[in-house]
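# Reading the structure
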Amino acid sequence: MTVTLDGLPAGATVTTSGQAATRPRRRLDIGLLAAGAYLTVLLVAVLWPAALAPGDPLAADPRNVLSAPDSGHWFGTDNLGRDVWTRVVHGAGHSITIAVAATAIAVGGGVLLGLLAGLTHRVADETLSRTLDALSAFPTLLLAMLFIAIVGPGTVSLIIAIGLVTLPRHARVVRGLTQLVRRCGYVEQAVTFGLSRPRLVLRHILPNAIGPIPVLAVIGLGEAVLIAAGLSFLGMGPQPPSPEWGAMLSEGRNYLHVAWWMTILPGLAVTATVVSLTVLGRHWQRRLDGRQR
Amino acid sequence: MGRVQLRAVLRRVAAGVVVLWVAATAAYLAVLAAPGDTVDTLIGDGADTPQIRAAIIAEWGLDRPALLQYLDYLWRLAHGDLGRSYLLQRPVAEVIGEQLAPTLILSLAAATLGVLLALIIAAVTAGDRRPWLRRLSSGTELLLVSTPPFLIGLVLLSVLSFRLGLFPVAGDAGPRALVLPAVTLALPIAGLLAQVLRDGVDRALDEPFVLTARARGLREGVVLARHALRHALLPAVTLAGWLFGTLLGGAVIIEQVFGRPGLGQVTLTAVTGKDMPVVLAVVTLSAAVYVVVNTAADLVSLLVDPRLRRS
């Protein structure tokens, strides 16, 4: 008897877990709202940092070094007496620019290579696909480091390095979809109507092959922020005194025992950015999935 | 194993070898394509004397046709000759070999911890039995996956070492020094793996065989462990390559945070000192291990899941 009682609610799970896919949407709305709010503030910080922090991110105050968060400096000050809040706000521009530029390279290059691989015939496709496979075989961080070792550290090499290492996944998605789309009836029909090849690709294949790319790009943006923070933490990105987040974390690490706010608070900005982008991306993906079903 | 299976196995192995070859070539081309003189690139910040220049030209065969250089490079690589570090004036294999152990220990500890944590989390939170717990854990997982691993390390360091004095701040003396780095490296892994495993368990719970198991009167725990979790492990196995990459890339940063010796330290010194042979070796080796791990994972799924063999 206990067995049946045990089994019943568990049996009910089977049916409710199917609904669970749609139900969390209502719950996640709070999360989505918070993510949207944070990203709005972030956008303001990127476009007009003075609105949130009118001070100079590089202004040192030797009489007020390593002071804990209070009403005057509500993120505290660093080892040179610079206001950490001002630096975090102004650093958003650096960090987000790097991530956006890197993602643009990854998406642009990925779409181009994916289309190329998907449209060409066996040998070229095989070569491209294997090269992409090989690129994915390197751990992301190490591949980016190889690139930076060759061209030297700095903002531009950081952007290109992150763009290159995150490119293969976009290329792979586009390649797969291109191969599907080019076998579709409407494409074959367009071919029989004698549509020129460039127009065929631009008008019919491309729009249908890049469906999931915007969502991937939003989630990839978060990952780019993470990789950028890691690499510049290691000193491979923008150099001090630039208030880029990873560089701030790297500087703060040496003062962790006396001033946790120098590290943890800029770090939370990174985490909040990545969480918000991921929440946004997943929500968007779920909506797309819902529409396709 | 029948002939069909053997052919499937051989195909995976061949694909792995091809990827490995392309990866080695890509790394090699990256160095050749570097702006400036190849000899300068290879020396990096190392001592630059006419003797060393002559040695580099001889070792890399830079005075010979490009194709021969390339074949020579592959030949040396295939024989485990990773070249020479001009910055440290020592064979690369020696440098890496010395520092392999600390990184291996850290990675193994982190991988074990991460996988165990993920299994426990997935088993406890799968299904609809405890919705609040599930919500809590998926929120935590999102947080763990979205936080730079080194920040997790810095937070742990700040609270547990500096505030509470529970663990040493730096170094690799004794197992106590291993705890924080291993936990730091394990948490993001556990976060992602738990998501994948729970999804898998959820999907398995919808399958008819779970209904059959329940109808046979098996307890829910047994259904979960013996039927659902085992089913969910398969897609998780394909993450083995990703796991490895995360461990190695993570170790580079985490070793830096906790002042531990290891491959991370070697890599970082090599990158900042432009010690190309060392960087090249680390990158190529990591790709090689990734390919081996991935191929092994493919073969394991092939052996474990009869459905894959048939297709």
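Given the structure is predicted, the values throughout are model-derived calculations rather than measurements.

Scanning chain B from terminus to terminus reveals 14 helices and two strands. Seen along its three principal axes, the alpha-carbon backbone of chain B occupies a region of about 80 × 60 × 30 Å. Across the 311 residues of chain B, 45% fall into the buried class. A fraction of 70% describes how many contacts in chain B between residues 6 or more apart in sequence connect residues 24 or more apart. Total accessible area on chain B is roughly 14,600 Å²; 68% of this is exposed by carbon and sulfur atoms. Of the charged side chains in chain B, 27 are positive and 22 negative, and the gap between their average positions amounts to 14 Å.

Per the UniProt record, "domain: ABC transmembrane type-1" (unreviewed entry) is annotated on residues 92-281 of chain A. For residues 92-281 of chain A, the end-to-end C-alpha separation is 20 Å, with 82% helix and 0% strand making up the annotated structure.

All right, on to the packing of aromatic side chains then. Under the defined criterion, the tally for this structure stands at seven aromatic pairs over all chains. Ring geometry for W74 of chain A and F75 of chain A: centres 5.4 Å apart, planes at 70°, overall edge-to-face. Plain terms: the ring middles of F233 of chain A and F150 of chain B are 4.2 Å apart, the flat faces sit at 15° to each other, and that makes the pair stacked. Of this pair, F233 of chain A sits in helix α10 (residues 213-233) while F150 of chain B sits in helix α7 (residues 149-163), placing the two residues on different chains. An identical accessibility class is assigned to F233 of chain A and F150 of chain B; each is buried. An aromatic cluster of three or more residues is present, and its members are W74, F75 and W85 of chain A.

Conventions and cut-offs
- Residues numbered from 1 in each chain as written.
- Chains lettered and ligands numbered in written order.
- Predicted model: local features only at pLDDT ≥ 70, side-chain atom pairs only at ≥ 80, totals over all residues.
- Heavy atoms only, no water.
- Helix = DSSP H or I, 4+ residues; strand = E, 2+ residues; numbered from the N terminus.
- Buried < 20%, exposed > 50% of the residue type's maximum accessible area, 1.4 Å probe, protein only.
- Contact = heavy atoms within 4.5 Å.
- Areas by Shrake-Rupley, 256 points an atom, 1.4 Å probe, with all protein chains shown as cover.
- Lys, Arg positive; Asp, Glu negative; His and termini not counted.
- Charge placed at Lys NZ, Arg CZ, Asp CG, Glu CD.
- UniProt positions renumbered as here; feature names shortened; annotations may be inferred.
- Phe/Tyr/Trp six-rings, centres within 6.5 Å; stacked < 30°, edge-to-face > 60°.

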